[in-house]
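Secondary and tertiary structure notes
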Amino acid sequence: MKKIILLLFILIQFLNASIFDFQTLDEAKKAYESGNYEKAAKLYTKIAKEGNDEAKFNAADALYKAGKFQEALTLFKSISSKNLQFEKLHNMGNCYANLKKFDDAIKMYEAALKIREDKDTRFNLELLKKLKDKKQNQQNKKQSQNSKDKNSKQNSDQNKKGDQKNRSNKQNQNQKNNKKDHQKDKKEKSEQNKKEKQEKKKSNSKREEKKEQNRRVIKKDEPISDMEVRKWNKVLNQRGIHTLMLPLQTENKGADNEKHPW
């Protein structure tokens, strides 16, 4: 009797659980069809906790529809049913594609196509390959442009440095030229001063010579004294030479002062 009661209790619980699951599935389906994907995902996840791969797949699909790609991907990865491997790989590829992980998405599509050929999966694969190539080309173009900009900037910097160097060299050259001009002016001034001194000295020398000549002329032009005249007459008389010099008349006053005429 006790065994029968226990069996009836278990049967009732199972029936209640089945009824609950059926109601949950029905509610989740209605939520999915109405576009309420988050609610559908929550309801499917309740059932998926019991290990139902179909419920996991539907929950993951609802999460994908809700835009929760990373959560959907995690749930797709947990599905182990062989019957759902193709759908699992295809949808994982979709999750990776939306997460901009193109290489991983391509791998998932290629793995799904190894299980069986599918038009949609093939289309997605080729599309991603084109997008990948386009992205690669854009990256290469961007890198090339960055390289050109970098080279251009380096050239501009080098030109600026060159200009600064040229200006610095020009300034240095100007300073050297100014220094040379200053030294040249100083030398020319020194030579001019030296020349002026020489000319002044020469002029002074000429003035002194002229003064000396004037003194000589003055001395030469001085009148001969009576004593000197007598001296000359005496000498001339002794030598017996007749000259044109005539004896000058002397005043007696001068004769009184001269005791020795020669």
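Keep in mind that what you see is a predicted model, and the values were worked out from it rather than measured. (Residues numbered from 1 in each chain as written. Predicted model: local features only at pLDDT ≥ 70, side-chain atom pairs only at ≥ 80, totals over all residues. Heavy atoms only, no water.)

For the protein chain, the helix and strand inventory stands at 9 helices and 0 strands. Ordered by position from the N terminus, the helices and strands of the protein chain form the series α-α-α-α-α-α-α-α-α. Of all 262 residues assigned to the protein chain, the portion counted as buried reaches 20%. Counted over contacts in the protein chain with a minimum sequence separation of 6, partners at least 24 positions apart contribute 41%. Accessible surface for the protein chain amounts to roughly 21,500 Å². Of this, 51% is attributable to carbon and sulfur atoms. (Helix = DSSP H or I, 4+ residues; strand = E, 2+ residues; numbered from the N terminus. Buried < 20%, exposed > 50% of the residue type's maximum accessible area, 1.4 Å probe, protein only. Contact = heavy atoms within 4.5 Å. Areas by Shrake-Rupley, 256 points an atom, 1.4 Å probe, with all protein chains shown as cover.)

Along helix α4 (residues 69–77), the residues that are buried comprise Ala 72, Leu 73, Leu 75 and Phe 76. Projected down its long axis, α4 shows its buried positions confined to an angular sector of 165 degrees, all on one face. On its buried face, α4 is in contact with α3 (53–65) and α5 (85–98). (Arc of directions from axis to C-beta.)

It is worth spelling out the packing of α3 against α4 at this point. Orientation of α3 relative to α4, taken along the N-to-C sense of each, is 165 degrees, at an axis distance of 8 Å. Compared by their axis directions, α3 and α4 come out roughly antiparallel. Judged by the twist between their axes, the crossing of α3 over α4 is left-handed. Of the residues in α4, those touching α3 at Lys 56, Phe 57, Ala 59, Ala 60, Asp 61, Leu 63 and Tyr 64 are Phe 69, Glu 71, Ala 72, Leu 75 and Phe 76. (Axes fitted to C-alpha atoms, helices over the stretch in contact; angles between N-to-C directions. Parallel < 35°, antiparallel > 145°, perpendicular 65-115°, else oblique. Left-handed = near helix turned anticlockwise from the far one by under 90°.)

Attention shifts here to the packing of aromatic side chains. Applying the stated criterion to the full structure yields 3 aromatic pairs. Ring plane angle 65 degrees and centroid distance 5.3 Å describe the contact between Tyr 64 and Phe 69, whose orientation is recorded as edge-to-face. (Phe/Tyr/Trp six-rings, centres within 6.5 Å; stacked < 30°, edge-to-face > 60°.)

Under the counting rule described, the total for this entry stands at 5 salt bridges. Here Arg 116 ties to Glu 87 by a salt bridge, and the two come within 3.6 Å at their closest N and O atoms. One end of the pair, Arg 116, is in the loop between α6 (102–115) and α7 (119–220); the other, Glu 87, is in helix α5, with 29 residues separating them in the sequence. We classify Arg 116 as partly exposed; its relative accessible area is 40%. (Salt bridge = Lys/Arg side-chain N within 4 Å of Asp/Glu carboxyl O.)

Here we take up the packing of α3 against α5. One way to put it is that α3 packs onto α5 with a least axis distance of 11 Å and a crossing angle of 20 degrees. Compared by their axis directions, α3 and α5 come out roughly parallel. Relative to α5, the crossing made by α3 is left-handed. Side by side, α3 and α5 meet where Phe 57, Asp 61 and Tyr 64 of the first sit next to Glu 87, Lys 88, Asn 91, Asn 94, Cys 95 and Asn 98 of the second. Classifying every residue of the contact of α3 with α5 gives 3 nonpolar, 3 polar and 3 charged. (Nonpolar A, V, L, I, M, F, W, Y, C, P; charged D, E, K, R; others polar.)

Together, Phe 123, Leu 127 and Leu 131 give the surface a local cluster of nonpolar side chains, amounting to about 280 Å² of exposed area. By the secondary structure assignment, Phe 123 is in helix α7. With a relative accessible area of 53%, Phe 123 lands in the exposed category. (Patch = residues over 30% accessible without salt bridge, like charges linked within 9 Å, V, L, I, M, F, W, Y side chains within 5 Å.)

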